[in-house]
Amino acid sequence: MTAERVMRRGNDSAVLRLSEAEAARIGGDASDPDDDERVMLNMGPAHPSTHGVLRLMLEMEGETVLRSKPVIGYLHTGMEKQGENLTYLQGCTNVTRMDYASPLFSELAFSLTTEKLLGVEVPERATWIRMLMCELNRISSHLLFLATNGIDLGAVSMMIYGWREREEVLRFFEKVTGLRMNHNYIRPGGVAADLHDGWQGDLSELLELIEPRLDEYEVLMTGQPIWRERLQGVGAINADEAIALSATGPLLRSTGYAWDLRRDEPYLAYDEVDFDVIVGTYGDCYDRYAIRINEIRESMRIVEQVIDRMPRGDYRMQDKKVTPPPRLRIDESMEALIHHFKIFTEGYQVPRGEAYTAVESPRGELGVYIVSDGTSTPYRMRVRPPSFINLQTLPHLMRGGLIADGVAIISSVDPILGEVDR
């Protein structure tokens, strides 16, 4: 069972709103070519506050942003087209590099779509391991947001604290997957390896470490008048506008619209665990910050339930067509050696068809659409990246604000440019 939890806050008088006269002046004069008071300013693509190689073309009047235009393409990698030249077995090594802050979600979406085309179901233990790892990845991603959001707004200490706690999550990932990032761990058919001995104790220590640190973050930022004044009323958007722009994730939920794929279109085993969908009220930068810090707590709730309820069994399908043989079998069986050789050189064929699967990543709805022509490589792969979609809201969010507010707004959207320029 899940519930919605609306964040309430005091000091509503601090919420800033443009007057009708100011809004009319900004809207009416923004396209006037005769006004020599306006200047064009390039912010990025090599600017620390654009969170990667994002360029913003800003039309300014003094320090007020009249219009803005995001310019992308500086990190183009062609991962969608590259995915059509890799086998389904190799696909996760490609998509894991799109959202490098939460790579496990890209691996999960790709694997679920492939499994839908294959018409197979993974073992129950593999499903719960996937859910465990994704929620830990949500925690690490939001910790990274808190770190960068803090330094963008002058809370330099938060940069150190956020990275410090994130490192502890990445250490657990390294124990399980062998890598801190870009894991290639969630694969069609299950996961690459089972959880190590003592994983429950490692996670319990991790949760005990993070929980009091979140309270310290609240003292450092949430309750501070300067922090609230920098964020409340800045970059506001309502639910209708967010839906019209196809925004998802914390950006949409900050408007009060409770949409979370884990609850509304359950996948994995999310319908078997308890958690709240955190929503805001005003749709501003403060709500987006507060949602993420509270979503860390909800992910911790889910992790605790997974620790108690992790089923026994296989961590991947025992299917010669989809998964490679156990490593020890390769030294004992010629059949296993041939199977290993063929699956890693030729891959496996996927029946003709098309499928789309979406998951709730830390930034919103992440979907993978694959068309299969019956071979071992996708005929077409298309990704619905939340960062790319959410960037559409920047011109709306920044209009009428100050250039300093623009830094806060970009940070609150939390874009990952590897996912944008896929």
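Being a predicted model, the structure only gives us computed values, none of them experimental.

Peer 1: Pulling in residues and values, what's your account of unusual backbone geometry?
Peer 2: Leaving glycine out, the prevailing phi sign among residues is negative, and the prevailing peptide bond configuration is trans. One non-glycine residue with positive phi stands out, namely Ser246, at about 65°. With respect to the helices, strands and loops of the structure, Ser246 is situated in the loop between α9 (239-244) and α10 (250-253). Overall, Ser246 belongs to the partly exposed group, its relative accessible area being 35%. At Leu268, a residue that is not glycine, the phi angle is positive and equals roughly 50°. Looking at the secondary structure, you find Leu268 in the loop between α11 (261-264) and β7 (275-279).

Peer 1: An account of the packing of aromatic side chains is needed here, citing residue identities and associated values.
Peer 2: Scanning the model with the defined rule gives five aromatic pairs in all. With a centroid separation of 6.4 Å and an interplanar angle of 20°, the aromatic rings of Tyr88 and Tyr348 are classed as stacked. Within this pair, whereas Tyr88 is found in the loop between α2 (79-83) and α3 (91-95), its partner Tyr348 is found in the loop between α14 (334-345) and β8 (353-361), the two being separated by 260 residues in sequence. Each member of the pair, Tyr88 as well as Tyr348, is classed as buried. Through a chain of ring-to-ring contacts, three or more aromatic side chains come together here, namely Trp227, Tyr286 and Tyr289. The ring of Phe145 has Arg292 lying over it, and the distance from NZ or CZ to the ring centre is 4.3 Å. Between the NZ or CZ atom of Arg422 and the centre of the ring of Phe388, over which it lies, the distance is 5.0 Å.

Peer 1: Outline the sheet that holds strand β4 (residues 64-71), listing residues and values.
Peer 2: Strand order in the open sheet formed by three strands is β2-β3-β4, and the pairing between neighbours is antiparallel. The open sheet has two edge strands, β2 (38-43) and β4, and neither has a second partner. Strand-to-strand, the axes of this sheet are offset by a mean angle of 20°, without reference to chain direction. As paired elements, strand β3 (residues 55-61) and β4 share seven bridges and run antiparallel to each other. Within β4, the residue paired with Met60 across the bridge is Val65.

Peer 1: Any details on the packing of helix α5 (residues 124-152) against helix α12 (residues 285-309)? Residues and values, ideally.
Peer 2: Contact geometry of α5 with α12 gives a least axis separation of 9 Å together with a crossing angle of 155°. On the basis of their axis angle, the class for α5 and α12 is roughly antiparallel. Both α5 and α12 take part in a crossing whose hand is left-handed. Between α5 and α12, the residues in contact are Trp128, Met131, Leu132, Glu135, Leu136, Arg138, Ile139, His142, Leu143, Phe145, Leu146 and Asn149 and Tyr289, Arg292, Ile293, Glu295, Ile296, Ser299, Met300, Ile302, Val303, Val306 and Arg309, respectively. Among the residues making up the contact of α5 with α12, the classes are represented as 15 nonpolar, three polar and five charged.

Peer 1: Give me a nonpolar patch on the surface: which residues, what numbers.
Peer 2: A grouping of Ile160, Tyr161 and Leu220 is seen on the molecular surface, where their side chains present a nonpolar patch of about 260 Å² in accessible area. One can find Leu220 in helix α7 (residues 199-222). With a relative accessible area of 33%, Leu220 lands in the partly exposed category.

Peer 1: Could you give me a rundown of α12, with the residues and numbers involved?
Peer 2: Over its 25 residues, α12 extends 36 Å from the first C-alpha to the last, a length consistent with the 36 Å expected when each residue adds 1.5 Å. The element α12 is largely enclosed, with a buried count of 20 among its 25 residues.

Peer 1: Before we move on, can you summarise the pattern of salt bridges with the specific residues and values?
Peer 2: Scanning the model with the defined rule gives 31 salt bridges in all. In this structure, Glu61 engages Arg38 in a salt bridge whose closest nitrogen and oxygen atoms are separated by 3.9 Å. Separated by 23 residues along the polypeptide, Glu61 in strand β3 and Arg38 in strand β2 bring together distant segments of the chain. Accessibility expressed as a relative area gives 25% for Glu61, which makes it partly exposed. The salt bridge involving Lys342 is made with Glu346; its shortest N-O contact spans 3.3 Å. A residue is classified by how much of its surface remains accessible, and Lys342, at 39% relative accessible area, is partly exposed.

Peer 1: Account for the nonpolar core, with residues named and values stated.
Peer 2: Core analysis: the biggest nonpolar cluster contains 103 residues, and Leu132, Leu136, Leu146, Tyr185, Leu203, Tyr289 and Leu394 have the highest contact counts within it. Filtering out sequence-adjacent residues up to four positions away, Leu203 remains in contact with Leu132, Leu136, Phe172, Val303 and Ile307.

Peer 1: I'd like to hear about the side chain of Ser361, residue by residue, with values.
Peer 2: Its place among the elements puts Ser361 in strand β8. For Ser361, the residues in contact, after removing those within four places along its chain, are Phe105, Arg138, Leu366 and Pro386.

Peer 1: Could you give an account of the sheet that holds strand β9 (residues 364-372), with specific residues and numbers?
Peer 2: Taken in spatial order, the three strands line up as β8-β9-β10 in an open sheet, and their pairing is antiparallel. In this open sheet, the two edge strands, each paired with only one partner strand, are β8 and β10 (380-384). In this sheet, adjacent strand axes meet at a mean angle of 10° when their direction is disregarded. As paired elements, β9 and β10 share five bridges and run antiparallel to each other. Residue pairing for β10: Tyr369 is matched across the bridge by Arg382. Across the face of the sheet, helix α4 (residues 103-118) comes into contact with β8, β9 and β10 while running at roughly 150° to β8.

Definitions and limits used
Residues numbered from 1 in each chain as written. Predicted model: local features only at pLDDT ≥ 70, side-chain atom pairs only at ≥ 80, totals over all residues. Heavy atoms only, no water. Helix = DSSP H or I, 4+ residues; strand = E, 2+ residues; numbered from the N terminus. Buried < 20%, exposed > 50% of the residue type's maximum accessible area, 1.4 Å probe, protein only. Phe/Tyr/Trp six-rings, centres within 6.5 Å; stacked < 30°, edge-to-face > 60°. Lys NZ or Arg CZ within 6 Å of the ring centre and 35° of its normal. Pairing = 2+ DSSP bridges. Axes fitted to C-alpha atoms, helices over the stretch in contact; angles between N-to-C directions. Parallel < 35°, antiparallel > 145°, perpendicular 65-115°, else oblique. Left-handed = near helix turned anticlockwise from the far one by under 90°. Contact = heavy atoms within 4.5 Å. Nonpolar A, V, L, I, M, F, W, Y, C, P; charged D, E, K, R; others polar. Patch = residues over 30% accessible without salt bridge, like charges linked within 9 Å, V, L, I, M, F, W, Y side chains within 5 Å. Areas by Shrake-Rupley, 256 points an atom, 1.4 Å probe, with all protein chains shown as cover. Salt bridge = Lys/Arg side-chain N within 4 Å of Asp/Glu carboxyl O. Expected span 1.5 Å × (residues − 1). Core = buried A, V, L, I, M, F, W, Y, C linked by side-chain atoms within 4.5 Å.

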